[in-house]
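An overview of the molecular structure
Spelled out from the first residue to the last, the chains are:
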Amino acid sequence: MVYVVLGVLVGADCYLYSIGLLYLPVSTYSLICASQLAFNAFFSYFLNSQKLTPIILNSLLLLTISSTLLAFNNEDSNSQKVTKAQYVTSFLCTIGASAGFGLVLSLQQLAFRKVLKRQTFTEVMDMIIYMSLVASCVSLVGIFASSEWKTLTSEMDNYKLGKVSYVMNLVWTAITWQVFNIGGTGLIFELSSLFSNAISVLGLPVVPIMAVIIFHDKMNGLKVISMVLAIWGFMSYVYQHYLDDKNLKRSVGIQRVESSDTTEGEVPNGQKIETSAS
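Worth saying up front: this structure is predicted, and the values here are computed from it rather than measured. (Residues numbered from 1 in each chain as written. Predicted model: local features only at pLDDT ≥ 70, side-chain atom pairs only at ≥ 80, totals over all residues. Heavy atoms only, no water.)

Moving on, we come to a nonpolar patch on the surface. A cluster of nonpolar residues, V164, V167, M168, V171, W172, I175 and V179, forms a patch on the protein surface that exposes about 640 Å² of accessible area. Tracing the backbone shows V179 in helix α8 (residues 163-190). (Patch = residues over 30% accessible without salt bridge, like charges linked within 9 Å, V, L, I, M, F, W, Y side chains within 5 Å. Areas by Shrake-Rupley, 256 points an atom, 1.4 Å probe, with all protein chains shown as cover. Salt bridge = Lys/Arg side-chain N within 4 Å of Asp/Glu carboxyl O. Helix = DSSP H or I, 4+ residues; strand = E, 2+ residues; numbered from the N terminus.)

Right, dumping it as structure tokens:
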């Protein structure tokens, strides 16, 4: 049941992401996706008892502002003219997909901690395989229900780089996504959904730059400001993780010292040695 619920959510999430990418430039789309970290922290607070410190709240605020700024971006798409309604629709769908992705990550962590308690690598693989299988079935139902399967042949024929490139694009996208899925789910299993999401956002600053180089997207001032805020927000979270790790090491060190002092103050039969001042 857990895999079915998560798989359906992932399938719906992929659909929203596809609509967002349909009308938005790659750079704009990637920057909006930064908001998934804020949504993930929000859901983690209620579902996973995640602590929200002032630094993390600062990170969430910056990432939210970063993605919201792009709603006022009036750029045109590279290959087609996009109406304002289409742009807003894609923007809202991408925001919704980011929220859904954050929810899925938090639910995965909740499932590992409360429902699936074997704590083995097999559990991680089961989560990935069955969840992806359900999500694929949801996508297939959508394709056949909308009759889009009839256009797949023409879509392949009209692909500018040829049929082989079309197939290779699909195959390697699937492979790389599964590699990413294994790493991300493994981090959720070992640490937390918020940490896993923060690592995935690490590539955020690279995507807009590569989009300008490869797809010739326009990098205007609004995007630059949005990207700077996104980087700032991410670095704020990294700094909070550094502080948490530092405090953890300090507390572990104090416990070891106290344990050592207790051991030295006892004789083999467990009685404490009394010392008198000379």
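From this point, the narrative continues.
This paragraph deals with the pattern of salt bridges. In total, this model carries 1 salt bridge according to the counting rule given. Between K163 and D157 there is a salt bridge; the shortest N-O distance is 3.2 Å.

A separate point is the packing of helix α5 (residues 84-115) against helix α6 (residues 121-145). It is the contact of α5 with α6, at a shortest axis distance of 12 Å, that shows an interaxial angle of 135°. By the criterion of interaxial angle, the relationship of α5 to α6 is oblique. Pair α5 / α6 crosses with right-handed handedness. Here Q108, A111 and F112 of α5 lie close against α6, whose contacting residues are E123, V124, M127 and M131. When grouped by side-chain class, the residues that make up the contact of α5 with α6 number 5 nonpolar, 1 polar and 1 charged. (Axes fitted to C-alpha atoms, helices over the stretch in contact; angles between N-to-C directions. Parallel < 35°, antiparallel > 145°, perpendicular 65-115°, else oblique. Left-handed = near helix turned anticlockwise from the far one by under 90°. Contact = heavy atoms within 4.5 Å. Nonpolar A, V, L, I, M, F, W, Y, C, P; charged D, E, K, R; others polar.)

Per-residue confidence for the protein averages 80 on the pLDDT scale, and 85% of its residues sit at or above 70. Low pLDDT (under 50) marks residues 272-278, which in the prediction has 3 contacts with non-local residues, meaning those over four places away or in another chain. (pLDDT = per-residue confidence, 0-100.)

For the rest of this paragraph, the subject is the nonpolar core. Within the largest apolar cluster, 25 residues are counted, with the highest numbers of intra-cluster contacts made by Y17, F112 and M127. Those elements that provide at least two residues to this core are α1 (2-23), α2 (26-32), α5, α6 and α8. Counting residues per element, this core draws most heavily on α5, at 8 residues. Discounting residues that sit within four places of it in the chain, Y17 has contacts with Y29, C33, Q36, T94, A97, S98 and F101. In terms of nonpolar packing, the next biggest core, distinct from the first, is built from 14 residues, A38, I56, A198 and F234 among them. (Core = buried A, V, L, I, M, F, W, Y, C linked by side-chain atoms within 4.5 Å. Buried < 20%, exposed > 50% of the residue type's maximum accessible area, 1.4 Å probe, protein only.)

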